[in-house]
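Here is what each chain is made of, one letter per residue.
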Amino acid sequence: MKKLFYFIACLIALPMASWLLTSCGDNDNFSTPHVLTPGEIQTIRTQDSLDSVRRTMIDADTVFKYKISDQPAADGIWTNKPLYVDLDEIAKVFGLSSGQDVADGIVNGTVKGCAMNAETHAIIATQSTSNGLIGHWWQYNGDIGTWADNLANLVLFAEWQCWELQEDGHADLSECYYSVGQFPGRLETGFSYTFYEGMQYTGADEVTHRVIFQVLWRLPDPTKAEVIGEQSVEVTLPVNPKGYTLNPVSFNLSKVLNDLDLTTIVQKENLIATLPDGSYSQDQTADNGFWFNSEGRICTLGDADAKLEIVYPGSNNDPNTLGICLKPKKTEAGDVFKQDFGFFADGMISVVHVTVNVVAAEE
């Protein structure tokens, strides 16, 4: 019995002794705050650093960068700019055969929409909060929002434009883009904003692949477009007696992408013609490009003084080439055309100075 009493007493005494030892070693005076040790300080710093890294990481297989420029929208005026994403490149990430598969998948629901909040980089699985199968409203703070809950803070929206499959069972690729617009009356010239739309796809292997579109949207001063990069190409072409021939001319695409901080060129948004008076235009008069007369001014194929066509990309859709065509019966051996063709994004221009030397056609 004494042994049992002694054993019980020891069990009670051990936790008390442990409490006395640990409390005295940690902080003798409970009225003062605990002083962090160097090791504890380093642990906190490490955690803060990890949190910072998490906020800058993007949880995606691939990030595509795009830039859109617009002008302020007045009260009551809704404006839209198209954002064409590279469906073929997205298909490669998803393990699909083509961009058509991606477009079809958005309509039939196998390709899902998603987004990423700007501050935390948290992935938001919500497919849409705007009027599209995928796409979102965006708030001032860079997070997605909804018309119902965040109306006072909404600034931009992105809406996928293709809603249904055609009779052939496929989506119309001409409608497969985001329409990006601003809330009327809320933004002014100089405003700059980055938002993150996305798509994700889970294949038969049950692995989910995700792409994020990092979109820099700005209201730049249109009088302050700046040429930040230049390169020159020269080609010799024979007189074109009858047919329309698109001749591929290589240029340094990597330099253009680096100049403009882009990952891909979008023909409808990024092509520009710089004109003899120093102005520029994005009013395309050819399929993904421009026709020019001998003075370097933009014209149309039907104009009597049309001489030269420059488009992007060149033949076979090679992204590393421009396509150049001489209008039949409108040039002569000895003609030399010097024309600037440019790529435009975010108020910046990367120019390709094109020289075309016309020689006699071979017999």
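Everything in this summary refers to the structure shown in the same document. (Residues numbered from 1 in each chain as written. Predicted model: local features only at pLDDT ≥ 70, side-chain atom pairs only at ≥ 80, totals over all residues. Heavy atoms only, no water.)

1. Side note on empty space enclosed by the protein
By the definition in use, this model includes one cavity of 30 Å³ or more. Empty space within the largest cavity amounts to approximately 50 Å³. If you trace the largest cavity, you find it lined by Tyr 66, Lys 67, Leu 83, Leu 262, Thr 264, Val 266, Glu 269 and Asn 270. At the level of elements, β1 (62-69) and α6 (267-270) are the ones that each hand at least two residues to the lining of the largest cavity. Considered class by class, the residues forming the lining of the largest cavity number four nonpolar, two polar and two charged. (1 Å grid on protein atoms, 1.4 Å probe; cavity = no way out; pocket = protein on both sides within 12 Å on 5 of 7 lines; lining within 4 Å. Points joined across faces, edges and corners; volume = space filled by probe spheres on them. Helix = DSSP H or I, 4+ residues; strand = E, 2+ residues; numbered from the N terminus. Nonpolar A, V, L, I, M, F, W, Y, C, P; charged D, E, K, R; others polar.)

2. So, the sheet that holds strand β16 (residues 298-299)
A sheet is described by the order of its strands in space; here five strands give the open sequence β12-β18-β17-β15-β16, paired in antiparallel fashion. For this open sheet the edge positions go to β12 (247-250) and β16, each flanked by a neighbour on one side alone. (Pairing = 2+ DSSP bridges.)

3. Some remarks on the layout of surface pockets
Roughly 840 Å³ of volume is contained in the largest pocket. Where the lining of the largest pocket is concerned, the elements lending two or more residues are α3 (87-94), α4 (99-108), α5 (253-260) and α6. Each residue belonging to the lining of the largest pocket can be placed in one class, and the counts come to 13 nonpolar, eight polar and four charged.

4. A closer look at the environment of Val 311
Relative to the assigned elements, Val 311 resides in strand β17 (residues 306-311). Between the C-alpha atom of Val 311 and that of Gln 267, which follows or precedes it by 44 residues, the distance is 9.2 Å. Excluding residues that lie within four positions of it along the chain, Val 311 makes contacts with Leu 246, Ala 286, Asp 287, Asn 288, Gly 289, Leu 322, Gly 323 and Phe 341. (Contact = heavy atoms within 4.5 Å.)

5. Quick word on the packing of aromatic side chains
Two measures describe an aromatic ring pair: the distance that separates the ring centres and the angle between the ring planes. Per the counting criterion, the structure on display carries 25 aromatic pairs. Judged by centre distance (6.3 Å) and plane angle (75°), the rings of Trp 78 and Trp 137 are edge-to-face. Within this pair, whereas Trp 78 is found in the loop between β1 and β2 (80-83), its partner Trp 137 is found in strand β5 (residues 137-139), the two being separated by 59 residues in sequence. An angle of 90° between the planes, with centres 6.5 Å apart, marks the rings of Tyr 244 and Trp 291 as edge-to-face. With a gap of 47 residues between them, Tyr 244 in the loop between β11 (226-238) and β12 and Trp 291 in strand β15 (residues 289-293) connect regions that are remote in the sequence. (Phe/Tyr/Trp six-rings, centres within 6.5 Å; stacked < 30°, edge-to-face > 60°.)

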